[in-house]
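Residues per chain are reported as follows:
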Amino acid sequence: EAEQTFCLTFEQRISASSPSQKPLLVPIALGFLEADGQAIDISNASITGDAELRGPLFILKDASASITVKTQQGKPPVPSLLRDFSAPVALEYNFTDESLLTLLRHDTDAFNRWEAGQRLMLAGKTSPEVLQAFQKLIADPNFDNAYKAAILTMPSELYVAEQVEEVDPQAIRDARNHLRQMLATALKDELHRIDQTLRTSVQANQAYSPDPLSTGRRSLANLAQHWLAVLGEIQPKELLQRFTTANNMTDRIATLQALVETNQPEADEALALYLSQFSDHALALDKWFTVQVTMTCDTALERVKLLLDHPKFEASNPNRVRSVLGAFFHQNLPGFHRADGLGYELWAEQVVLIDRKNSQLASRMARALDRWARFEPRRKAAMKRALERVAAESQLSPDVREVVSKALGV
């Protein structure tokens, strides 16, 4: 193929609130990859504008400057930008799916590789090529367990909600669950291998340790276990057995979460066992409450109401309130944002009740509806009604009134 050139232009925009509007010196560590992953030599790259190249570091000195590299493959190369967190800036670049796939497969910068995977997940990409790239990564012995766990950890529902123009919580959960199903199915054999080697064969003979290697092993093992459980590849009885023999809280809670998501009778058995074992341990008990209120089934709201009447729920204990209401309002997106608006009715009722005892805690709970205007019309209307209901309370504290008034724009 004939040699071609590729020009990349950087432009910097200074925040309007910045004390100085002069262009900053921005060091951008970069590289360029051919479509097959081969790195392009940039030592002879040409620079246009006020910038200089020091090895892999492109130093932008003015509002804009360009770097031009040569490619032999006929396709534009893929830039890998801000390697090693070379500058504290927000970067905008319109990567194509094909470019992201190249970075996921081949980039030598671990963060950029992870971010490419996150972007592909966020876009719901499940082509055979994308699934194959994840398969290869997870099977690669050169990556440690913690990194593999990070690569497979999907963007949270809350993060996805931040990225869309109009929030439909149930649609977000459905899309995310579909993506997880596709990934888990494609990676099933590798997930079984991870489950076998990192949990079943190791855990029985290994004492708990908080060191990074052990932490990474637990993270990847628990992720594999959860995905296999969702696929039905690990039966609830097996999960219950693992729960009863877990020798640390990380594995115990991870297995409990997997059981609760499967929504089988064994989940109730595990919850009862946990409660009997940790009923006098405040922090462990908070985890027990949170696992239940963040459950993904349709009955999450009913579970919250039951837990508010539980003997171990103390409305005067801020941590306990956060573990139940705070976790439900802020972490269970479709569970709280039900289309019938019942979640918002509970929110209004509880914000007013908490406000009478602890206005600061109530104001934090009140912030769960801060972004009501970004939701789809039915939920938006229900949230506005709930906000107006709280705003109409005559005895409201200044803390809560400020949050609610600001949300309503009054």
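Read on for a plain summary of the structure.

Parameters at a glance
- Residues numbered from 1 in each chain as written.
- Predicted model: local features only at pLDDT ≥ 70, side-chain atom pairs only at ≥ 80, totals over all residues.
- Heavy atoms only, no water.
- Helix = DSSP H or I, 4+ residues; strand = E, 2+ residues; numbered from the N terminus.
- Buried < 20%, exposed > 50% of the residue type's maximum accessible area, 1.4 Å probe, protein only.
- Areas by Shrake-Rupley, 256 points an atom, 1.4 Å probe, with all protein chains shown as cover.
- Lys, Arg positive; Asp, Glu negative; His and termini not counted.
- Charge placed at Lys NZ, Arg CZ, Asp CG, Glu CD.
- Salt bridge = Lys/Arg side-chain N within 4 Å of Asp/Glu carboxyl O.
- Phe/Tyr/Trp six-rings, centres within 6.5 Å; stacked < 30°, edge-to-face > 60°.
- Contact = heavy atoms within 4.5 Å.
- Core = buried A, V, L, I, M, F, W, Y, C linked by side-chain atoms within 4.5 Å.
- Axes fitted to C-alpha atoms, helices over the stretch in contact; angles between N-to-C directions.
- Left-handed = near helix turned anticlockwise from the far one by under 90°.
- Nonpolar A, V, L, I, M, F, W, Y, C, P; charged D, E, K, R; others polar.
- Polar contact = N/O pair within 3.5 Å; in protein donor to acceptor, adjacent residues only side chain to side chain.
- Arc of directions from axis to C-beta.

Thoughts on the overall build of the protein chain
Here's step 1: Secondary structure assignment for the protein chain yields 19 helices and 6 strands.
Here's step 2: Considering only C-alpha atoms, the protein chain reaches an extent of 75 × 60 × 35 Å along its principal axes.
Here's step 3: In the protein chain, buried positions account for 47% of the 410 residues.
Here's step 4: Accessible surface computed for the protein chain: about 20900 Å², of which carbon and sulfur atoms make up 51%.
Here's step 5: Side-chain charges of the protein chain comprise 45 positive and 52 negative groups, with the mean position of each set lying 4 Å from the other.

Digging into the pattern of salt bridges
Here's step 1: If you walk through the whole model with that rule in mind, you get 23 salt bridges.
Here's step 2: For the salt bridge of Glu 302 with Arg 338, the shortest nitrogen-to-oxygen distance reads 3.5 Å. In this pair, Glu 302 sits in helix α13 (residues 300-308) while Arg 338 sits in the loop between α15 (333-336) and α16 (342-355), placing the two residues 36 residues apart along the sequence.
Here's step 3: Residue Arg 320 is joined to Glu 314 by a salt bridge in which the shortest nitrogen-to-oxygen separation is 3.7 Å.
Here's step 4: For Arg 320, a relative accessible area of 2% gives the class buried.
Here's step 5: For Glu 314, a relative accessible area of 37% translates into the label partly exposed.

Some words on the packing of aromatic side chains
Here's step 1: By the definition in use, this model includes 13 aromatic pairs.
Here's step 2: Ring geometry for Phe 328 and Phe 336: centres 5.9 Å apart, planes at 70°, overall edge-to-face.
Here's step 3: According to the relative accessible area criterion, Phe 328 is buried, its value standing at 0%.
Here's step 4: When its relative accessible area of 0% is taken as the criterion, Phe 336 is described as buried.

Notes on the environment of Thr 126
Here's step 1: By the secondary structure assignment, Thr 126 is in the loop between α2 (110-122) and α3 (128-139).
Here's step 2: Using a relative accessible area of 22% as the deciding quantity, one classes Thr 126 as partly exposed.
Here's step 3: Along the primary structure Thr 126 and His 178 are separated by 52 residues, whereas in three dimensions their C-alpha atoms are 9.7 Å apart.
Here's step 4: Discounting residues that sit within four places of it in the chain, Thr 126 has contacts with Leu 131, Leu 179 and Met 182.

Observations regarding the nonpolar core
Here's step 1: In terms of nonpolar packing, the biggest core is built from 122 residues, with Leu 325 and Trp 347 touching the most fellow members.
Here's step 2: Ranked by residues supplied to this core, first place goes to helix α8 (residues 212-231) with 8 residues.
Here's step 3: Once residues within four sequence positions are removed from consideration, Trp 347 is found in contact with Phe 329, Phe 336, Met 365, Ala 366, Ala 368, Leu 369, Ala 386, Leu 387 and Val 390.

Comments concerning the packing of helix α18 (residues 377-391) against helix α19 (residues 398-408)
Here's step 1: For the pair α18 and α19, interaxial distance at closest approach is 10 Å and the crossing angle is 140°. Remark: the crossing between α18 and α19 carries left-handed chirality. Across the interface between the two elements, Lys 384, Leu 387, Glu 388, Val 390 and Ala 391 of α18 pack against Val 400, Arg 401, Val 404, Ala 407 and Leu 408 of α19.
Here's step 2: Broken down by class, the residue content of the contact of α18 with α19 amounts to 7 nonpolar, no polar and 3 charged.

Points about the side chain of Glu 157
Here's step 1: Examined against the element boundaries, Glu 157 turns out to sit in helix α5 (residues 157-163).
Here's step 2: A distance of 2.7 Å separates the side chain of Glu 157 from the side chain of Arg 173, its partner in a polar contact.
Here's step 3: If sequence neighbours within four positions are ignored, Glu 157 has contacts with Ile 172, Arg 173, Arg 176, Leu 333 and Pro 334.

Some thoughts on helix α4 (residues 145-152)
Here's step 1: Buried residues of α4: Tyr 147, Lys 148, Ala 149, Ile 151 and Leu 152, and no others.
Here's step 2: For α4, the N-terminal capping position is held by Asp 144, with its side-chain oxygen 3.3 Å away from the main-chain nitrogen of Ala 146.

Here's the deal with helix α9 (residues 236-245)
Here's step 1: All of the buried residues in α9 are Pro 236, Leu 239, Leu 240, Arg 242 and Phe 243. Mapping the buried residues of α9 onto a view down its axis gives an arc of 160°, with all of them on the same face.

Side note on unusual backbone geometry
Here's step 1: Positive phi outside glycine occurs at Leu 82, with the angle close to 55°.
Here's step 2: Within the fold, Leu 82 resides in the loop between β6 (78-80) and α1 (97-106).
Here's step 3: On the basis of relative accessible area, Leu 82 is assigned to the buried category, the value being 13%.
Here's step 4: A positive phi angle, close to 60°, is found at Asn 263, a residue other than glycine.
Here's step 5: Relative to the helices and strands, Asn 263 is located in the loop between α10 (249-262) and α11 (265-278).
Here's step 6: Among the residues examined, Asn 263 registers a relative accessible area of 44% and is labelled partly exposed.

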